[in-house]
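Observations on chain architecture
Residues per chain, in single letters:
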Amino acid sequence: MCTNNIYYPYQMKLTEIRDETHDIRTFKLEHVDPKLKESFTFLAGQFGLYSILGEGEATFCIASAPTKQGYIECSFKKVGKVTTALRSLEVGDLVGFRGPYGNAFPIEQMLRKNILFVGGGIGLAPLRSLIDNVLDRRAEFKAVTILYGARSTADIIYREQLAAWEARSDVRFEKTVDQLRPQDEGKWSGHVGLIPHILSKMSVSAENSVAVVCGPPIMIKFTIAELNRLGFNDSSIITTLENRMKCGFGKCGRCNIGGTYVCKDGPVFSASDLKGLPDSDF
Amino acid sequence: MKSYNSSIVTKQGLKQLIENILAHKYRLLAPKKSGEQLSFETILRAEEVVLNQLLRTMTTLSPKEVFFPRTEPVLRYTGQEMHDVEPPTPETVLFGIRPCDARGLELLDKVFTWDYNDKFYLKRREATTIVTFACSDQASVDEHCFCLGVGGDPTASSGSDLLLSTNGDDAFLLEVITEKGERLLNSCKEGVELQASDKRAADQLEAIKDRFVRKQDLTEVRHKMPEYFDSDQLVQETYRCLGCGICAMSCPTCHCFDIVDEPKAGTLGEGARVKNWDACSFALFTKHAGGHNPRELQCQRCRQRYFHKLAYYPQKFSEESLCVGCGRCSRSCPVGLDIYQAVTHVLGKGRA
Ligand SMILES: Cc1cc2nc3c(=O)[nH]c(=O)nc-3n(C[C@H](O)[C@H](O)[C@H](O)COP(=O)(O)OP(=O)(O)OC[C@H]3O[C@@H](n4cnc5c(N)ncnc54)[C@H](O)[C@@H]3O)c2cc1C
Ligand code: SF4
Ligand code: SF4
Ligand code: FES
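So, a few notes on the structure that sits alongside this text.

Thresholds applied
Residues numbered from 1 in each chain as written. Chains lettered and ligands numbered in written order. Predicted model: local features only at pLDDT ≥ 70, side-chain atom pairs only at ≥ 80, totals over all residues. Heavy atoms only, no water. Pairing = 2+ DSSP bridges. Helix = DSSP H or I, 4+ residues; strand = E, 2+ residues; numbered from the N terminus. Axes fitted to C-alpha atoms, helices over the stretch in contact; angles between N-to-C directions. Phe/Tyr/Trp six-rings, centres within 6.5 Å; stacked < 30°, edge-to-face > 60°. Buried < 20%, exposed > 50% of the residue type's maximum accessible area, 1.4 Å probe, protein only. Lys NZ or Arg CZ within 6 Å of the ring centre and 35° of its normal. Near = heavy atom within 4 Å. Nonpolar A, V, L, I, M, F, W, Y, C, P; charged D, E, K, R; others polar. Contact = heavy atoms within 4.5 Å. Salt bridge = Lys/Arg side-chain N within 4 Å of Asp/Glu carboxyl O. Parallel < 35°, antiparallel > 145°, perpendicular 65-115°, else oblique. Buried area = accessible area lost by both parts, 1.4 Å probe. Polar contact = N/O pair within 3.5 Å; in protein donor to acceptor, adjacent residues only side chain to side chain.

**Looking at the sheet that holds strand β6 (residues 94–101) of chain A**
All names here are of chain A. Pairing is antiparallel in the open sheet, where six strands are placed in the order β4-β3-β6-β1-β2-β5. Looking at strand neighbours, the two that pair on one side only are β4 (56–61) and β5 (72–77), the edges of this open sheet. Looking at each pair of strands side by side, their axes are set apart by 40° on average, direction ignored. Note that strand β1 (residues 10–19) and strand β2 (residues 24–31) share seven bridges and pair antiparallel. Looking at β2, one finds that Ile 17 is bridged to Phe 27.

Structural data, given as structure tokens:
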């Protein structure tokens, strides 16, 4: 083990693989070093750099909850070199991990409030860590509402998890797809339409509430606008950014928006934080 | 802080000092002609250090690569096995850098120690003693230099361990700035005649200031950022940028890098994870996996470079600008882009 090389990853063993969609896969990873497996902690919202020797590193959030100890999960979409290489791994293979990096969701500020989670596409990954964390401490929060949207029924991730949330009596769960495909006819029980539109019809109250929004940049933009219309002020809207990263700790200069480093000052921001940043840079 | 101590040393004495540095098995790096360019090279014989030349011409590339090489392994691997890498750190004397470059290193220190210490940079810094040449010669300052406009000073000692400046025709003033500098001098001064003096390089500052054609203060830009961020003037100034990245490569303080795995050719499963210089002027630099690019246009990327230096860094790390005004970027830009000119235009202060 190496302690003073900040670029040196931990080794983690791949212990479970789940296919979420045709191009999104979830890995369950456990530290090879038993001591680390015991001592490793992180906070919901943090991220890491996952790597394969010879292929490189890629940034993913930690998608499992910090309350689930002994392992972490990540879900990734196949988009390029490293994510393609990761897909070739099998249970038992090794994955490099650097992290956890970044700030975290301000869960302490959410206690005793109504929480509205809005997730779009693979943006449910960082949200899932927080939702599970909140549900594991359910009594400390008021009403919990989850709205999840995907492009089509084929793009829905964490199906089992969604069903479990939907089945809970202490959670209001809504789901939507942008469009229905012919083969979905009669099989889809959720909404059809874009997230901000569905949100506008859900009659959620902004009173004593915090909204947490994760998804692609365009969805975040329109969802924040809709939440504002519903009466949420910017400081009670929380989101995450996914600017491209290399180092994860403020050196490589890739992730900044103005003077704000997404890797160190984020990736979690409030909508009021975002509005203080130079607009066109994210 | 050590109280300074200065001495006068003749040209001959300085040559002897260089001989001694070599005799003591230090690795000596100094500006040397390499093809058409002046660059920091390993010096094997004292005559290779051409004092006159080094006072007159700025190196094309900055000395940052002594500490932050353009490419370097951060780990090596053989199959599934990883090996840590130690940066090579021979005791080094970096001789003949400019005050702007020395200050640039202090600015980089803040980045490479921000909560996470980058040992590759820091170990090299520890192993290196910096002997700076103040820009005291008639010809040291050219029409691109603008250190005065970004809080610098052509005679300043910050970042240096020893500071040399000219003192008449055939002699130099040698100031000891740090204990590290003192250690180097003590170990290498046999046969070097040092005549105590109460002068300092800074005494010449007023006279040197007159040689600058670029004296506008750029630091003000940081206080009016929102206003300048969407400046049409800046778009007009920068739309012709080619995105070649030469500015960033030659800059003493640009520190963007990429991390990639490079398999070793002709082997099965051997290679290294390397840190490579990168630049915010490259179109793919910030492109997301989903295709979205926060800085889609070349003028947005130029703006990023200028404002990172003049507004974002000061906001994040200290009141200092990340640009030290060395002028390298404008000397080398193939289309004549010029941070000083662009920013002074934006500030509405007219052409320099
Ligand atoms: C904080 C954070 C959290 C994240 N969390 C997740 C997550 O949980 N799950 C997830 O799936 N993703 C996540 N991402 C995104 C993820 O990091 C990227 O999808 C991943 O790094 C892509 O790696 P890659 O090597 O497969 O892609 P690369 O090979 O690097 O390519 C990715 C994309 O970059 C562009 N590109 C790169 N090189 C070129 C080139 N030569 N020419 C043209 N275009 C090029 C293209 O758009 C390409 O599709 C997160 C990102 C951040 C910053
Ligand atoms: S400013 Fe000049 S040197 Fe820098 S990227 Fe643009 S064209 Fe190249
Ligand atoms: S931005 Fe240009 S002038 Fe400023 S330090 Fe870098 S190379 Fe020198
Ligand atoms: S990812 Fe390197 S500075 Fe943020």
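**Observations regarding the packing of aromatic side chains**
The final tally for this structure, using the stated rule, is 25 aromatic pairs over all chains. With a centroid separation of 5.5 Å and an interplanar angle of 70°, the aromatic rings of A:Tyr7 and A:Phe249 are classed as edge-to-face. On the criterion of sequence distance, the pair formed by A:Tyr7 in the segment before β1 and A:Phe249 in the loop between β12 (237–240) and β13 (256–257) is long-range, its members being 242 residues apart. Both residues of the pair, A:Tyr7 and A:Phe249, belong to the buried class. Judged by centre distance (4.5 Å) and plane angle (25°), the ring pair of B:Phe112 and B:Tyr121 falls under stacked. Taking the relative accessible area as the measure of exposure, B:Tyr121 reaches 1% and is therefore buried. Of the aromatic side chains, those joined through ring pairs into one cluster are A:Tyr7, A:Phe47, A:Tyr101, A:Phe249, B:Phe67, B:Phe68, B:Phe112, B:Tyr116, B:Phe120, B:Tyr121, B:Phe257 and B:Trp277. Lying across the ring of A:Tyr71, A:Lys28 places its NZ or CZ 4.3 Å from the centre. For B:Lys64, the ring lying beneath its charged end belongs to B:Trp277, and the centroid distance is 4.6 Å.

**Some thoughts on the site of ligand 2**
Taken together, B:Cys241, B:Leu242, B:Gly243, B:Cys244, B:Gly245, B:Ile246, B:Cys247, B:Ser281, B:Cys333, B:Pro334, B:Val335 and B:Leu337 make up the full set of residues near ligand 2. Tallied by class, residues from the shell around ligand 2 come to nine nonpolar, three polar and no charged.

**Comments concerning the sheet that holds strand β10 (residues 191–192) of chain A**
Residue and element names in this part refer to chain A. Taken in spatial order, the seven strands make up an open sheet running β10-β9-β8-β7-β11-β12-β15, and their pairing is mixed. With one partner strand each, in any of the chains shown, β10 and β15 (268–270) form the two edges of the open sheet. Strand direction decides the pairing type here: β12 and β15, joined by three bridges, are antiparallel. The partner of Ile 238 across the bridge, within β15, is Ser 270. Strand contacts of helix α3 (residues 124–136): β7 (114–120), β8 (144–150), β9 (171–177), β11 (209–214) and β12, with the helix running at about 155° to β7, the strand carrying the most contacts. Strands β8 and β9 of the sheet are contacted by helix α4 (residues 159–167), whose axis makes an angle of about 135° with β9.

**Focus on the pattern of salt bridges**
Applying the stated rule across the entire model yields 46 salt bridges over all chains. The salt bridge partner of B:Glu48 is B:Lys32, with a shortest N-O separation of 2.8 Å. In this pair, B:Glu48 sits in the loop between β3 (37–43) and α2 (51–56) while B:Lys32 sits in strand β2 (residues 27–34), placing the two residues 16 residues apart along the sequence. Taking the shortest distance from any N to any O, the salt bridge between B:Lys275 and B:Glu72 comes out at 3.8 Å. Of the two residues, B:Lys275 is situated in strand β12 (residues 270–277) and B:Glu72 in strand β4 (residues 71–78); the sequence distance between them amounts to 203 residues. With respect to class, B:Lys275 is no different from B:Glu72; both count as buried. Because the salt bridges share partners, they merge into one network encompassing A:Glu16, A:Arg18, A:Glu20, A:Lys28, A:Glu73, A:Arg128 and A:Asp132.

**Quick look at the packing of helix α1 (residues 11–23) of chain B against helix α5 (residues 179–188) of chain B**
Residue and element names in this part refer to chain B. It is at 9 Å that the axes of α1 and α5 come closest, and there the two elements cross at 90°. Viewed along their axes, α1 and α5 adopt a mutual orientation that is roughly perpendicular. Across the interface between the two elements, Leu 17, Asn 20 and Ile 21 from α1 touch Leu 184, Leu 185 and Cys 188 from α5. Looking at the contact of α1 with α5, its residues break down into five nonpolar, one polar and no charged.

**Thoughts on the interface of chain B and chain A**
Each partner contributes residues to the interface: chain B has 50 residues there, and chain A has 41 residues. Approximately 3900 Å² of surface area, both sides summed, lies buried where chain B meets chain A, with 53% of it carried by carbon and sulfur atoms. In this structure, the connection of chain B to chain A is made through six salt bridges. When the shortest N-O distance is used, the salt bridge between A:Arg254 and B:Asp258 registers 3.7 Å. Taken together, the connections running from chain B to chain A amount to 25 residue pairs in polar contact (both at pLDDT 80 or more). If you list the elements that add at least two residues to the side of chain B that touches chain A, you get β4, β5 (81–84), α3 (99–112), α4 (119–126), β11 (257–263), β12 and α10 (298–316) of chain B. Of all the elements, α10(B) adds the most residues to the side of chain B that touches chain A, at seven residues. The class makeup of the residues in the side of chain B that touches chain A is 21 nonpolar, 13 polar and 16 charged.

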